[in-house]
Amino acid sequence: MLQKAVKSPLFRTVSVDELELLFMTCHWQLKTFAKDAQIAMRGDVLHGIYILLEGSVRGEMIDFEGRVLKIEDIEAPRPLAPAFLFGINNTYPVHISANTTTKAMYLSKESLLQLLQKDRRILMNYLDIISVRAQFLTDKIKFLSLHNIRGKLAQYFLDLKPHNMEFEMPHSQTKLADLFGVSRPALARVIREMHQEGIIHAKGRRIRIINHQALSDYLR
């Protein structure tokens with residue numbers, strides 16, 4: 001499993017042989033989760049860190065009315081919640097469930113601290129990871145503050161657009177609706193309206209931005 005572990009951003013530039021030596025004095029466990037298995041609940045205390053080796057998981061939040069908002073999918077070989085392992089309130093910020101059969105390496109907080117102290121490359125990798133996560137969460141909060149579907153679509157389109165204003169959406173409408181926390185019919189209706197109004201041209205996943213200013217206005 002160390003051959004898969006070295007692909008994680010946490011062990012970037014560390015060889016399998018080097019990692020094997022480091023792990024000789026560091027305890028770790030291999031854990032397997034079935035599809036849709038609950039890995040962690042929002043509010044659970046982090047006593048260690050999972051590093052995905054195979055499969056993928058999803059982070060979700062559930063509101064008081066029972067509606068599920070998908071925050072993101074996390075694919076192997078990324079670690080889970082690295083920015084929340086340390087600190088005063090070190091709890092999982094979302095529910096985490098397996099999308100597929102998933103295998104993960106589990107390191108206790110103490111074991112991870114040993115690795116960070118023994119190898120400066122791992123320490124720097126960890127700092128890079130939590131910095132990127134902080135930036136992602138900042139962008140996510142900004143996105144969620146857009147209350148209507150048009151605003152969310154405008155932000156999504158403007159983030160994706162290349163210089164020629166035409167691109168293919170990486171997500172299906174079903175997955176995009178999950179990310180937005182809205183129903184698929186409602187999302188499809190707004191895309192169709194924006195197409196009819198001449199703001200975008202939509203054909204399947206292919207999008208061409210026609211009225212850039214109108215999209216920018218939705219963000220104000």
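As the structure is a computational prediction, the values presented were derived from the model and not from experiment.

Cut-offs applied
- Residues numbered from 1 in each chain as written.
- Predicted model: local features only at pLDDT ≥ 70, side-chain atom pairs only at ≥ 80, totals over all residues.
- Heavy atoms only, no water.
- Pairing = 2+ DSSP bridges.
- Helix = DSSP H or I, 4+ residues; strand = E, 2+ residues; numbered from the N terminus.
- Axes fitted to C-alpha atoms, helices over the stretch in contact; angles between N-to-C directions.
- Expected span 1.5 Å × (residues − 1).
- Buried < 20%, exposed > 50% of the residue type's maximum accessible area, 1.4 Å probe, protein only.
- Polar contact = N/O pair within 3.5 Å; in protein donor to acceptor, adjacent residues only side chain to side chain.
- Phe/Tyr/Trp six-rings, centres within 6.5 Å; stacked < 30°, edge-to-face > 60°.

Regarding the sheet that holds strand β10 (residues 206-209)
Read from one edge of the open sheet, 3 strands run β8-β10-β9, paired in antiparallel fashion. The open sheet has two free edges, formed respectively by β8 (166-168) and β9 (200-203), since each of these has just one partner strand. Adjacent strand axes in the sheet meet at a mean angle of 15°, parallel and antiparallel pairs treated alike. Looking at chain direction, β8 and β10 are connected through 3 bridges and run antiparallel.

Digging into helix α5 (residues 149-160)
Given a rise of 1.5 Å per residue, 12 residues ought to cover 16 Å, and the 16 Å separating the end C-alpha atoms of α5 matches this to within 8%. With 10 of its 12 residues buried, α5 lies for the most part within the structure. Ile149, Arg150, Gly151, Lys152, Leu153, Ala154, Gln155, Tyr156, Phe157 and Leu158 are the residues of α5 that are buried. The N-capping residue of α5, defined by a side-chain oxygen 3.2 Å from the backbone nitrogen of Arg150, is Asn148.

Thoughts on the packing of aromatic side chains
A complete count under the given rule lists 8 aromatic pairs for this structure. Measuring from centroid to centroid gives 6.2 Å for Phe86 and Tyr126, while their planes differ by 85°, and the two rings are edge-to-face. Placement of Phe86 in the loop between β5 (68-75) and β6 (95-98) and of Tyr126 in helix α4 (residues 120-144) is noted, with a sequence separation of 40 residues between them. Its relative accessible area of 33% is what places Phe86 among the partly exposed residues. An aromatic cluster of three or more residues is present, and its members are Tyr156, Phe157, Phe167 and Phe180.

Distances and angles like these do not, on their own, reveal function.
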